[in-house]
Amino acid sequence: MNGPVVVGVGASSSLAAVETAAWEAERRGVGLRLAHAVAWPSDPVAPGVPPWDPDGAGLRASAGGALAEAERHARRVSPRLPITSEVLVGEPGTVLESQSRAASLTVVGGRRQGRFGGLPFGSVAGRLTAQGRCPVLVVRGRTGRSGPVVLASDGASPAGRAAAEFAFAEAARRTAELVVLHTRGHGRDGAALVAELRRTYPDVVVRHRRIRGRNRPVVVGASAGAQLAVVGVPTHTGLTDTLTGSLGRALLHHAPCTVAVVPPGATKH
């Protein structure tokens, strides 16, 4: 997909997410889109909106500073990167989901205290992955560009295949080693999928690591030093913050690095 990289920008959002999004857009050869969501006055996440601003025009104007700061940070990463920005009225998860329909990648900040337009990051990421439009990058912890790409593999399910394809492509792009984490349920189908993708990406060095637990120390240890962890999201309906299987969910919440959440069918990037 040749669509832009879309990043959610809020007054207190992590500028590391903006910088990461700019880097991702540059290496993909696409533009960067900065999206700021403003909740409707009646929305309970935005209490106290004055009655003289019923259409949110004042809120849109106040968002200009956050967007300008985000663009300055993006320019530090890639001075010539095509950048567009827009203030959009609506619930943040809905706004980003709409923007992601034509995107190659969507990026959100992953700090627990971070908020995009008034919602915790988990709710926004949950909405994005529930709709399955494109891969979502949750920027958290270490944002270095060295170290391996880590894949949480659950075998050859549609979710597992999408995540594996994305992880191999990212390892190739980053000239990084790929570490495949798998549990007891990985099975022969998962091994066959990895073997298939190794033929597609012969230059990617693959290392396997079996995980015997899903608690925080195990997951943090498995992803220590990684530049990216990749997890799949099972097919489901409705909005949920349960983004992945148990191993992937543990990585999303505890991995000391950026996590890519890949919905099925969203890996043609």
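Residues numbered from 1 in each chain as written. Predicted model: local features only at pLDDT ≥ 70, side-chain atom pairs only at ≥ 80, totals over all residues. Heavy atoms only, no water.

Novice: Describe the side chain of arginine 28, naming the residues involved and giving the relevant values.
Specialist: By secondary structure assignment, the location of arginine 28 is in helix H1 (residues 15-28). Within the local environment of arginine 28, its side chain forms a polar contact with the side chain of glutamate 170, the two groups lying 3.1 Å apart. (Helix = DSSP H or I, 4+ residues; strand = E, 2+ residues; numbered from the N terminus. Polar contact = N/O pair within 3.5 Å; in protein donor to acceptor, adjacent residues only side chain to side chain.)

Novice: Summarise the pattern of salt bridges; cite the residues concerned and give the values.
Specialist: Close approach of charged atoms allows side chains with opposite charge to pair. A complete count under the given rule lists 13 salt bridges for this structure. Put simply, arginine 174 and glutamate 24 hold a salt bridge, and the shortest N to O gap is 2.9 Å. Placement of the pair is arginine 174 in helix H6 (residues 158-174) and glutamate 24 in helix H1, with a sequence separation of 150 residues. Classification of arginine 174 as buried rests on a relative accessible area of 13%. Residue classification places glutamate 24 among the buried positions, given a relative accessible area of 2%. Among the ionic pairs, glutamate 177 bridges to arginine 207, the shortest N-O distance being 3.3 Å. You can see glutamate 177 sitting in the loop between H6 and strand S9 (178-182) and its partner arginine 207 sitting in strand S10 (residues 206-210), a full 30 residues away along the chain. (Salt bridge = Lys/Arg side-chain N within 4 Å of Asp/Glu carboxyl O. Buried < 20%, exposed > 50% of the residue type's maximum accessible area, 1.4 Å probe, protein only.)

Novice: Go over the packing of H1 against H6 with me, naming the residues and quoting the values.
Specialist: The contact between H1 and H6 brings their axes to 12 Å, and the two run at 80 degrees. Taken as axis vectors, H1 and H6 run roughly perpendicular relative to one another. Facing H1, whose interface residues are Trp23, Glu24, Arg27 and Arg28, H6 presents Phe166, Glu170, Arg173 and Arg174. Each residue belonging to the contact of H1 with H6 can be placed in one class, and the counts come to two nonpolar, no polar and six charged. (Axes fitted to C-alpha atoms, helices over the stretch in contact; angles between N-to-C directions. Parallel < 35°, antiparallel > 145°, perpendicular 65-115°, else oblique. Contact = heavy atoms within 4.5 Å. Nonpolar A, V, L, I, M, F, W, Y, C, P; charged D, E, K, R; others polar.)

Novice: Got a sec to walk through the sheet that holds strand S3 (residues 83-89)? Specific residues and values, please.
Specialist: Spatially, the ten strands line up as an open sheet ordered S3-S2-S1-S4-S7-S12-S11-S8-S9-S10, and their pairing is mixed. At either end of the open sheet lies a strand with only one pairing partner, and these are S3 and S10. Across the sheet, the mean angle from the axis of one strand to that of its neighbour is 25 degrees, orientation sign disregarded. Alignment of strand S7 (residues 136-139) against strand S12 (residues 259-262), held across three bridges, turns out to be antiparallel. Bridge pairing in S12 places leucine 137 opposite alanine 260. Each of strand S1 (5-8), strand S2 (32-38), strand S4 (105-109) and S7 touches H1; the most contacted strand, S1, lies at about 175 degrees to it. (Pairing = 2+ DSSP bridges.)

Novice: Just give me the short version of the nonpolar core, but keep the residues and values in it.
Specialist: Judged by nonpolar contacts, the single largest core of 45 residues is most densely connected at Val7, Leu32, Leu34, Val107, Leu178 and Val230. Ranked by the residues each element gives to this core, the list is headed by H6, at seven residues. With residues up to four places along the chain from it excluded, the contact list for leucine 178 reads Val149, Leu151, Ala167, Phe168, Ala171, Val204, Val205, Val206 and Arg207. Core analysis: the next-biggest nonpolar cluster, separate from the first, contains 27 residues, Leu96, Val138, Val259 and Val261 among them. (Core = buried A, V, L, I, M, F, W, Y, C linked by side-chain atoms within 4.5 Å.)

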